[in-house]
Amino acid sequence: MSTIIIYTVVSLSLLGLLLAVVLYFVAQKFKVEENPLIDTIEAIMPGANCGGCGNAGCRAFAEACVKAGNLDAQFCPVGGNETMKKVAAAMGLEVAEKAPMVAVVRCNGSCANRAKTTTYDGYKSCAVMNSLYPGDTGCRYGCLGCGDCTNACQFGAISMDPETGLPVVDQDKCTACGACAKACPKGVIELRNKGIKNRRVFVSCINKDKGAVARKACKAACIGCGKCAKTCPFEAITVENNVAYIDYTKCKMCTKCVAECPTGAIHAVNFPPRPAAPAAPKAPVTPAAAPAAEAKKVAEPIAVEKNN
Amino acid sequence: MKTFSIGGVHPADNKISADAAIEQFPVPEVAYISMSQHLGAPAEPIVAAGDKVKVGQLIANPAGFISAPVHSSVSGTVKGIETIKDLAGNFCKAVVIEVEGDEWVETIDRSAEVVSEIKLEPKAIVDKIKEMGIVGLGGATFPTGVKLSPPPGKKAEFLIINGAECEPYLTSDYRLLVECPEQVLIGAAIMMKALGVTKGFVGVEENKPKAIEILKGFHSKYPQIEIVTLKKKYPQGGEKQLIDAVVGRQVPSMGLPIDTGAVVQNVGTAFAVYEAVQKNKPLFEGIMTVTGQCAAQQKNYRHRVGTPLSKIMEVSGGIPENAAKIISGGPMMGKAINNIDAPTLKGTSSILYLTEEQTKRKPESNCIRCAKCVAACPMGLEPFLLNKLAKAKRWDDAEANKIYDCIECGCCSFTCPAYIPLLDNIRLGKATVMKIMKSRPKK
């Protein structure tokens with residue numbers, strides 16, 4: 001009995017040793033020379049493998065960077081400037097900083113603003129719903145509310161607000177990989193400049209119908225009146241196909257358009273609450289009122305962000 | 001008894017409006033005649049606001065090869081060309097006509113006399129059918145004139161008239177077969193002459209014994225047309241399934257019915273062809289069923305194209321209080337109506353009221369791999385797999401598994417014991433794969 005065990009152990013050990021030697025020489029002979037830089041860069045990457053950069057994953061990104069020898073066509077939206085700086089340093093390059101982006105939901109059609117005309121009972125997916133009919137409200141451009149964007153997000157940055165029925169982007173978690181924008185069959189979500197101090201101004205509507213039709217479908221729709229475009233001192237706003245669009249590269253965030261919009265379709269996010277009309281005499285702040293005003297200041301950006 | 005060879009399901013018949021004779025629906029006060037009543041490019045209107053039109057007058061020309069002209073269904077003054085919402089809520093162009101009187105174009109023969117002698121030559125018949133705006137009334141509204149002109153190199157061997165009406169609830173084809181059997185047979189004979197074939201079939205399911213009996217009574221007069229009794233099974237009215245059932249030939253994958261030598265036309269189309277060729281009447285009337293267990297009245301109407309659906313609902317007893325869903329077309333393949341003010345089209349075949357109990361989807365659970373969907377699929381596909389692939393967006397695998405062969409009959413979703421909405425995902429996957437395939441450069 002014991003001899004069988006000994007023979008087995010010895011023969012298998014010898015076999016293992018022999019194969020190890022063979023493998024060692026094969027590995028030496030057919031070694032694939034790979035730039036160690038790829039491994040270095042891959043280690044720097046966030047490792048989300050989200051595909052937001054346009055490559056198949058983080059390693060593919062690293063390979064593409066090394067192959068090109070520069071970073072002109074590559075940008076990791078998840079890691080942002082921080083990661084890109086590190087990658088550039090590893091490659092011995094300089095990289096221009098890119099303004100951070102964020103996903104913005106351009107729809108105002110909450111349950112209160114946009115009444116439902118039918119009840120959708122099919123498979124809960126925006127893509128499926130979109131293939132069947134224009135939507136369960138009067139608006140055929142707006143958010144369908146089935147949450148394809150939330151399913152597409154790998155960072156948990158987008159969630160549906162049960163109250164409004166619209167997706168809400170968490171600006172701190174959003175990496176601007178663009179997965180949600182791709183998943184949205186209506187093209188409601190756009191990647192926009194994150195803005196200085198996270199302040200942004202955008203038209204929260206993409207309804208291309210004529211003003212009266214759009215207004216009938218949704219109380220907060222852009223009716224394409226063009227008031228904002230006339231007000232804008234920087235020519236950042238264009239009205240095309242009955243809908244206004246703010247070019248974020250031109251917008252200086254004066255927020256004049258926000259006050260001008262008759263339907264409230266233009267949203268200003270993360271701006272401090274506007275001071276009362278300057279002509280009004282300053283009322284003495286009573287100690288009781290002060291904390292309330294303070295609380296409002298904190299609450300305001302969150303409330304606005306909800307509609308984002 | 002004959003039937004198609006693979007798959008199929010047996011939904012409850014529910015032909016509760018079968019005994020309601022076809023009634024002429026009153027002419028509406030305002031008609032909205034859509035320019036998108038057929039498969040293919042929308043027709044181009046040739047009338048302008050203020051023009052006076054008569055019943056049967058041409059108001060829009062076809063815009064391309066796969067397109068059909070549109071004729072006025074009413075007489076009166078054109079109010080304008082407006083953008084209206086169709087059944088599903090999509091926008092489409094429509095000629096709006098304010099109705100004054102009911103004056104028909106003089107060339108239309110309005111007598112009740114049945115004309116059986118076919119005077120026109122094959123080429124003239126096809127031209128006439130194209131000119132009169134006839135489209136397939138089986139559901140897809142494909143221009144009939146195009147279907148009767150087989151592509152070069154392909155030869156038709158026989159014509160099959162689709163009288164299966166396999167969709168539950170619908171009875172418009174049945175009523176037509178019972179009330180105007182000879183006209184349908186003459187329509188078939190006209191199309192046979194146009195195609196140059198000598199053999200014709202009318203496929204009727206066994207649940208319509210009265211129609212079969214009446215049609216068989218005409219055998220001595222039209223011996224070239226054989227009446228085939230089919231076993232009741234859904235989707236027998238599908239073009240490919242009907243060819244399989246009647247003559248036992250299978251349409252190849254990605255192929256057309258003409259590849260088997262068959263041309264399939266619906267009963268309603270045959271009747272429209274009869275009226276167009278023998279009576280010179282363009283297609284501006286359709287036959288539709290108003291039904292449902294909860295419906296106030298069971299009706300079969302001959303309606304003028306462009307009548308608002310809401311008007312038909314109102315006249316037939318109003319929308320029942322417990323109706324949760326209104327469907328146009330049958331319950332299996334029909335579409336839920338999003339906009340009840342939409343006008344009827346050439347191909348509108350029914351208004352079906354369903355209660356919440358009948359229509360509510362049950363909560364989805366996991367696939368238990370029972371393969372019921374595989375057994376039910378009349379195209380021999382694997383719906384459970386296609387559903388998974390479409391959900392995972394694996395388009396190349398979906399294509400390899402022939403997602404493009406799906407006829408969207410809904411047998412898989414109907415039969416699934418886990419209530420998985422298979423067709424919802426497969427339909428979307430099919431559309432995406434077809435798009436990808438079309439975008440590829442042709443070899």
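What counts, and at which threshold
Residues numbered from 1 in each chain as written. Chains lettered and ligands numbered in written order. Predicted model: local features only at pLDDT ≥ 70, side-chain atom pairs only at ≥ 80, totals over all residues. Contact = placed C-beta atoms within 7 Å. Nonpolar A, V, L, I, M, F, W, Y, C, P; charged D, E, K, R; others polar. Buried ≥ 20, exposed ≤ 12 C-beta atoms within 10 Å, placed from the backbone. Helix = DSSP H or I, 4+ residues; strand = E, 2+ residues; numbered from the N terminus. Pairing = 2+ DSSP bridges. Domains from an automatic or database assignment.

## Section: the interface of chain B and chain A
Across the contact, 12 residues belong to chain B and 10 residues belong to chain A. Its residues placed into classes, the side of chain B that touches chain A shows four nonpolar, four polar and four charged.

## A word on the pairing of strand β13 (residues 285-291) of chain B
On a regular strand, each side chain points to the face opposite its neighbour's, so the side chains alternate between the two faces of the sheet. Residues and elements named next belong to chain B. For β13, a buried count of seven out of seven residues is recorded, marking the element as mostly surrounded by other parts of the structure. Of the two faces of β13, the one holding E285, I287, T289 and T291 and the one holding G286, M288 and V290 are both buried throughout. Two strands pair when backbone bridges link them, and β13 and strand β14 (residues 299-304) are joined in this way by six bridges, in the antiparallel orientation. Paired with I287 across the strands is R302, a residue of β14. Two strands pair when backbone bridges link them, and β13 and strand β17 (residues 350-355) are joined in this way by three bridges, in the parallel orientation. Residue pairing for β17: T291 is matched across the bridge by L352.

## Things to note about helix α11 (residues 383-391) of chain B
All names here are of chain B. Among the residues of α11, P383, F384, L386, N387, L389 and A390 are the ones counted as buried. Buried positions along α11 lie against α10 (372-376), α12 (395-400), α13 (411-415) and α14 (422-439). One or two residues past the end of α11 sits K393, with phi positive at roughly 60°.

## Here we look at the domain arrangement of chain B
Residue and element names in this part refer to chain B. According to the domain assignment, chain B consists of domain 1 (1-24 + 105-360) and domain 2 (372-439). Between the C-alpha centres of domain 1 and domain 2 the distance comes to 27 Å. Contact with domain 1, which involves 15 residues of that partner, is made by 15 residues of domain 2. Across the side of domain 1 that touches domain 2, the residue classes tally to nine nonpolar, five polar and one charged.

## Description of the domain arrangement of chain A
All names here are of chain A. According to the domain assignment, chain A contains domain 1 (36-91) and domain 2 (101-272 + 294-306). Domain 1 and domain 2 are separated by 31 Å when their C-alpha centres are compared. With five residues of domain 1 in contact, the opposing surface of domain 2 contributes seven residues. Of the residues that constitute the side of domain 1 that touches domain 2, the class distribution is four nonpolar, one polar and no charged.

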